[in-house]
Amino acid sequence: MIEETLEKILHILEKYSEKTHQNGKNEVDEDKIKDDLSKILKIKKDNIHTPSDIETLKTLKTIRKEQKHIRQINEIIPSDEKWFMICGITIEKKLLFEIIKLSQCNILFNECKVIFNIDKDSYIIKDCLCFYNCVFNRCETKIKNNIFEKSLSFFQCEIENNMLIYNNTFLNHLVFFDCHDKYGKKIKFLSLEKNTFKGCFFVKNCAIKNINLWKNKFENRCYFVDSEFGYKRDGDNKAKLNFSNACFEDNAYFNNSKFYSYADFHECEFEKIACFYGVTFDKAPNFSQIILKDNFNALNITLNFTFDDLEKQIKQEHEYFNKNKNEQYQKSLDKFANDFRDSFRVFKNALIKDNNLLEASNFHKYELYCKEIELKENWNNRETKTTARKSSLHLKYFIDSLLLGFYRKLSDHHTDFLKVFNNIVLLVALYSVFLFMGGYEDNLKSYQYSDNSLDNNSSLINAFKDIKNSIIESSFVQEYSLCILIFFCVIGLLMICWDILKNIKKIYEVIKNEICIKEIIFCVLNLVAYFLGLLIVLIYLNIYIPKSQDSLVVLSNIGIFFAFIIFYLWLVYLKSLALRLMFVVVSYIIVIIVLGISISILNPFIGKIFNDEQNFTNPIFVYITFAYTILLILILFSFQKTARKNSIVPS
């Protein structure tokens, strides 16, 4: 039946083609063609249009208007060629594609439901194919082993299932345009494998949940502009964005695209410009072993993930990679973390090359995240029976991982100034609390005024005294002092209330999302466990203390030293954001009050130089101060490095 239909169509097309050839001009009766095609295809004549129809011209004009954004591409919809538009029908099997093959005419499919495969024979498709506002709703759409001499375009189409484009040659452009959620359209799965693109491959303003570009050869420019890839939903790891092993022989642009899922670019080759300007990655991408032969633009890239997200993702990708593989082909978790570290190194080096050290430091931070995961895995998988040299090496890896973890929590590897400043405030406040709880506040009292009468009678001090007396002793202040105090309190209260009411919805959402009772209880139990562990160690050490020493004094000195360090590290490593916020707020209040009492609390050893009355004879006070000083030195190192990196002067 299909063969007979094709013969009839071929006969019609040959007849009109011969008539055109004999006359030397286009005298084809378009109405007659539409009548014959409608009878053979068993569709209404109104569903077949030619360029003389108003609806066709309007559709072509709309597409060409959008085409203004594609400056580098020659006309996708040629205006000087013959076009037929078929609309509002269901395109089944391969009948219509045989018609296209034989018709020698460009065809625009408008508002059609498409169900087709071209996967058995190799076709040479000589004319433009354009799908506009169509729906592809077959379980899988296959386009395999074909040669497209002109453009294949998809405008505002919805691909509900899989589209597999395999082993084709595109002599012209392949275009996906405006297949986006805002048009009610999307592409569920677009798989392009082992294709050769001699024209441009253009994806603009599309929402693609899954994409596979494995081993394609792009000989011309490649665009993935203003598009979204992957799932927006948190915790959904089903989407796969595979760009690996693709060869981009011309410029490749991914400007302002968003990758919501894991994007795999490993072993890609970029012969010319690779532009990722303004790209957003919600998960860590994989750019390991890529080859860059020209400029790599990594400016304004946004990475929306934390250390915990990265660690979880590396473990998931490790499990997925090793799934159903023989042991000899499996890859260890530390090697997987190393691949991700190599990805961030690529971005870092590109930014350093452009002298953009500030953004490069962020990628260096993620590089250290991967290094910490790698070192942890090396320690976890260490051999129990090994040589002393290897044991010392594993111990070094363990210490390095602890140090990386400490600076990650302390200042996010010298990139978060507010975080490290808050940790300094926490340290000073904790030191103050330990001193006042132990009754050592007298050790920190500093002089309010110097004993030198010249200093007390200086002109600057006298000027401040005169100003103070003139304000306080004025009749207006004395008479209305209570009213003035109430007025300012009311104003302050109203401002606070207004700010809270204005942002009440946001505050409620933050409190709702961040306060987790189970997490808070778990953090408190962790602290209790650490102190119990310290108590057990002290009891065990009591056995080895010489009888000539007062064991209680020795154990209390050791206990207070490590208790201070443990409590502070617990504050730094707090996972509960609500609990940490509470401690930070209380710490700021404590530090402000204590600094008003004695500035020497910032460094008691330096304060001793200016105030001889400070007493360092109490051993417990000395042990607390020593632990405080060690931690302060470590934090100040990170503080100055973070401040220097965030300044306008490059370090």
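All figures in this text were calculated on a predicted structure; none of them were measured in a lab.

(A) Geometry of the packing of helix 14 (residues 517–541) against helix 15 (residues 551–572). As a packed pair, helix 14 and helix 15 sit with axes 11 Å apart at the nearest point and diverge in direction by 160°. Taken together, the axes of helix 14 and helix 15 are roughly antiparallel relative to one another. Classified by chirality, the crossing of helix 15 by helix 14 is right-handed. Contacts from C523, V524, N526, L527, Y530, F531, L534, L538 and L541 in helix 14 reach L555, I558, G559, F562, A563, I566, F567 and W570 in helix 15. Among the residues making up the contact of helix 14 with helix 15, the classes are represented as 15 nonpolar, two polar and no charged.

(B) Just the sheet that holds strand 11 (residues 147–148), in detail. As summarised here, the arrangement of the eight strands in space is 7-11-14-17-20-24-28-31, forming an open sheet in which the pairing is parallel. Of all strands in the sheet, those with a lone pairing partner are strand 7 (124–125) and strand 31 (291–292), marking the two edges. By the bridge criterion, two bridges tie strand 24 (residues 247–248) to strand 28 (residues 269–270) in an arrangement that is parallel. Looking at the pairing, F248 lines up with F270 of strand 28.

(C) Representation of the nonpolar core. Membership of the largest hydrophobic core comes to 83 residues, with the highest contact counts inside it found for F176, F201, F224, F254 and F276. By residue number, the principal contributor to this core is helix 6 (residues 333–353), which donates nine residues. Ignoring any residue separated from it by four or fewer positions in sequence, one finds F176 in contact with F154, I159, M163, I165, I187, L190, F201, F202, V203, K204 and C206. Among the nonpolar cores identified, the runner-up in size contains 36 residues, and F406, Y407, F564 and A627 belong to it.

(D) Quick peek at the environment of F287. Here F287 lies in the loop between strand 30 (280–281) and strand 31. Classification of F287 as buried rests on a relative accessible area of 0%. In sequence terms F287 and R345 are 58 residues apart; their C-alpha atoms lie 9.1 Å from each other. Once residues lying within four places of it in the same chain are set aside, the contact partners of F287 are F265, F276, F281, D342, S343, V346 and F347.

(E) Looking closely at a nonpolar patch on the surface. Nonpolar side chains collect at one region of the surface, where F436, L581, V585, I589, I593 and I597 lie side by side and expose about 560 Å² of accessible area between them. It is helix 16 (residues 577–597) that provides the largest number of residues to the nonpolar patch, a total of five residues. As for its position among the elements, I589 is in helix 16.

(F) Here's a closer look at the confidence of the model for the protein. Put simply, the protein has an average pLDDT of 76, and 69% of its residues get 70 or more. Counted against residues more than four places away or in other chains, residues 16–28, with its pLDDT under 50, gives 10 contacts. Scored below 50 in pLDDT, residues 67–74 shows 15 contacts in the model against residues more than four places distant or in partner chains.

(G) Quick peek at the pattern of salt bridges. Evaluation of the coordinates by the stated rule reveals 14 salt bridges. A salt bridge links D412 to K365; the shortest N-O distance between them is 3.6 Å. Of this pair, D412 sits in the loop between helix 8 (388–411) and helix 9 (417–438) while K365 sits in helix 7 (residues 357–380), and the two are 47 residues apart along the sequence. One network of salt bridges, with partners in common, ties together K198, K217, E219 and E249.

(H) Seen up close, the environment of S332. With respect to the helices, strands and loops of the structure, S332 is situated in the loop between helix 5 (307–322) and helix 6. Along the backbone, S332 and N322 are 10 residues apart, and their C-alpha atoms lie at a distance of 8.8 Å.

(I) The arrangement of the packing of aromatic side chains in detail. Using the criterion set out here, one finds 66 aromatic pairs in the structure. K331 extends its terminal NZ or CZ atom over the ring of F321, reaching a point 5.4 Å from the ring centre.

(J) Geometry of unusual backbone geometry. Backbone geometry places N167, a non-glycine residue, at a positive phi of 55°. Within the secondary structure, N167 is located in the loop between strand 13 (158–166) and strand 14 (169–170). Look at N167 and you get partly exposed, because its relative accessible area is 39%. Not every positive phi belongs to a glycine, and D226 is a case in point at roughly 55°. Residue placement: D226 occurs in the loop between strand 21 (222–225) and strand 22 (228–229). For D226, a relative accessible area of 31% gives the class partly exposed.

(K) How the structure looks around the pairing of strand 19 (residues 207–212). Across the six residues that make up strand 19, a large majority, five, are buried. The pairing of strand 16 (residues 187–193) with strand 19 spans four bridges and is classified as parallel. Pairing of I187 across the sheet is with I208, part of strand 19.

(L) Highlighting the packing of helix 7 against helix 8. Across the interface, helix 7 lies against helix 8 with an axial gap of 9 Å and an inter-helix angle of 145°. Seen along the crossing, helix 7 lies across helix 8 with a hand that is left-handed. For the pair helix 7 and helix 8, the contacting residues are L368, Y369, K371, E372, L375, K376, N378 and W379 in the first and H394, L395, Y397, F398, D400, S401, L404, G405 and R408 in the second. The residue makeup of the contact of helix 7 with helix 8, split by class, is eight nonpolar, four polar and five charged.

(M) Main features of helix 6. Across its 21 residues, helix 6 extends 30 Å between first and last C-alpha, which sits within 8% of the 30 Å expected from 1.5 Å per residue. Taken from the residues just after helix 6, N355 is the one with a positive phi, measuring 65°.

(N) Main features of the pairing of strand 4 (residues 106–110). Taken across its five residues, strand 4 has five buried, putting it largely inside the fold. Every second residue of strand 4 is oriented toward a common face, with N106, L108 and N110 on one face and I107 and F109 on the other, all of them buried. By the bridge criterion, five bridges tie strand 2 (residues 83–87) to strand 4 in an arrangement that is parallel. Looking at strand 4, one finds that I86 is bridged to F109. Pairing between strand 4 and strand 8 (residues 129–132): four bridges, direction parallel. Following the sheet pairing, I107 is matched in strand 8 by L129.

(O) Examining the environment of N245 more closely. One can find N245 in the loop between strand 23 (241–242) and strand 24. When the C-alpha positions of N245 and L213 are compared, they lie 8.0 Å apart, and in sequence the two are 32 residues distant. Leaving out residues up to four positions away in the same chain, N245 has contacts with W214, K215, N216, H266, E267 and C268. Here the side chain of N245 touches S244 through a polar contact of 3.4 Å, side chain to side chain.

Calculation criteria
- Residues numbered from 1 in each chain as written.
- Predicted model: local features only at pLDDT ≥ 70, side-chain atom pairs only at ≥ 80, totals over all residues.
- Heavy atoms only, no water.
- Axes fitted to C-alpha atoms, helices over the stretch in contact; angles between N-to-C directions.
- Helix = DSSP H or I, 4+ residues; strand = E, 2+ residues; numbered from the N terminus.
- Parallel < 35°, antiparallel > 145°, perpendicular 65-115°, else oblique.
- Left-handed = near helix turned anticlockwise from the far one by under 90°.
- Contact = heavy atoms within 4.5 Å.
- Nonpolar A, V, L, I, M, F, W, Y, C, P; charged D, E, K, R; others polar.
- Pairing = 2+ DSSP bridges.
- Core = buried A, V, L, I, M, F, W, Y, C linked by side-chain atoms within 4.5 Å.
- Buried < 20%, exposed > 50% of the residue type's maximum accessible area, 1.4 Å probe, protein only.
- Patch = residues over 30% accessible without salt bridge, like charges linked within 9 Å, V, L, I, M, F, W, Y side chains within 5 Å.
- Areas by Shrake-Rupley, 256 points an atom, 1.4 Å probe, with all protein chains shown as cover.
- Salt bridge = Lys/Arg side-chain N within 4 Å of Asp/Glu carboxyl O.
- pLDDT = per-residue confidence, 0-100.
- Phe/Tyr/Trp six-rings, centres within 6.5 Å; stacked < 30°, edge-to-face > 60°.
- Lys NZ or Arg CZ within 6 Å of the ring centre and 35° of its normal.
- Expected span 1.5 Å × (residues − 1).
- Polar contact = N/O pair within 3.5 Å; in protein donor to acceptor, adjacent residues only side chain to side chain.

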